[in-house]
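Structural characterization, general
One letter stands for each residue in the lines below.
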Amino acid sequence: MSIDRETFERSSEEELEGLSTTDQVLGFLAANDDQAFKAQEIARHTGLNEGSVSTALSRLKNRDLVEHKGTYWAVTTDDRRLESHDGYARATALFNEQLAEEDGEAWKEHAPADPHPSLTDDEE
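These numbers were taken from a predicted model, which means no experiment stands behind them.

Definitions and cut-offs
- Residues numbered from 1 in each chain as written.
- Predicted model: local features only at pLDDT ≥ 70, side-chain atom pairs only at ≥ 80, totals over all residues.
- Heavy atoms only, no water.
- Helix = DSSP H or I, 4+ residues; strand = E, 2+ residues; numbered from the N terminus.
- Contact = heavy atoms within 4.5 Å.
- Axes fitted to C-alpha atoms, helices over the stretch in contact; angles between N-to-C directions.
- Left-handed = near helix turned anticlockwise from the far one by under 90°.
- Nonpolar A, V, L, I, M, F, W, Y, C, P; charged D, E, K, R; others polar.
- Pairing = 2+ DSSP bridges.
- Buried < 20%, exposed > 50% of the residue type's maximum accessible area, 1.4 Å probe, protein only.
- Arc of directions from axis to C-beta.
- Phe/Tyr/Trp six-rings, centres within 6.5 Å; stacked < 30°, edge-to-face > 60°.

For the rest of this paragraph, the subject is the overall build of the chain. Along its length, the chain carries eight helices and two strands. Of the regular secondary structure in the chain, the N- to C-terminal order runs α-α-α-α-α-β-β-α-α-α. Look at the contacts in the chain between residues 6 or more apart in sequence, and 52% of them connect residues 24 or more apart.

A few words on the packing of helix α4 (residues 39-46) against helix α5 (residues 50-62). When two helices pack together, their arrangement is given by the angle between the helix axes and the distance between those axes. Here α4 crosses α5 at 115 degrees, and the two axes come no closer than 9 Å. With respect to the hand of their crossing, α4 and α5 are arranged in right-handed fashion. Taking contact as the criterion, the partners of Ala39, Gln40, Ile42, Ala43 and Thr46 in α4 are, on α5, Glu50, Val53, Ser54 and Leu57. For the contact of α4 with α5, the residue count by class is five nonpolar, three polar and one charged.

A few words on the pairing of strand β1 (residues 66-69). Summarising the sheet, β1 and strand β2 (residues 72-75) pair through four bridges and their orientation is antiparallel. Within the sheet, the bridge partner assigned to glutamate 67 lies in β2 and is alanine 74. Linking two consecutive strands that pair antiparallel, namely β1 and β2, is a turn of two residues; a positive phi of about 65 degrees is found at glycine 70 within it.

Of the residues making up α4, those classed as buried are Ala39, Ile42 and Ala43. The arc enclosing the buried residues of α4, seen along the axis, measures out at 100 degrees, which places them on a common side. On the buried face of α4, the contacting elements are α3 (21-31), α5 and β2. Downstream of α4 by a residue or two, glycine 47 has a phi angle that is positive, lying close to 75 degrees.

You can see threonine 22 is positioned in helix α3. Look past the residues within four positions of threonine 22 in its chain and what remains in contact with it is Ala56, Arg59, Leu60 and Arg63.

One pass over the full model with this rule turns up one aromatic pair. A ring pair is formed by phenylalanine 28 and phenylalanine 37, whose centres lie 4.9 Å apart and whose planes are at 55 degrees; its orientation type is tilted. Classification of phenylalanine 28 by relative accessible area gives buried; the value is 12%.

Right under this line is the structure:
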């Protein structure tokens, strides 16, 4: 995809690089941190190639940024590890710019009162 000269001139190299497949997958999982997905579902939701998503998930698992159980993948619950990953910061900034920053208090107003049925008493 081409860009106009004005965008080229005013944008930094980092902005022009965009997000890598790995960063997009991590961003998607972080945005949906209350769920786990199959690789093909992540590919469908992000518009990425399933093979590329699978490779990205393996890389993220090696960095302990995602968890894998059976055929499902979820973002890590270790917030410190996640926030220290540069790609996460870039993905969060991009999603906040595109979709607006999440209002945690507004989200809590609409959150269910009961925990998800998959949680055990030990996890609450």
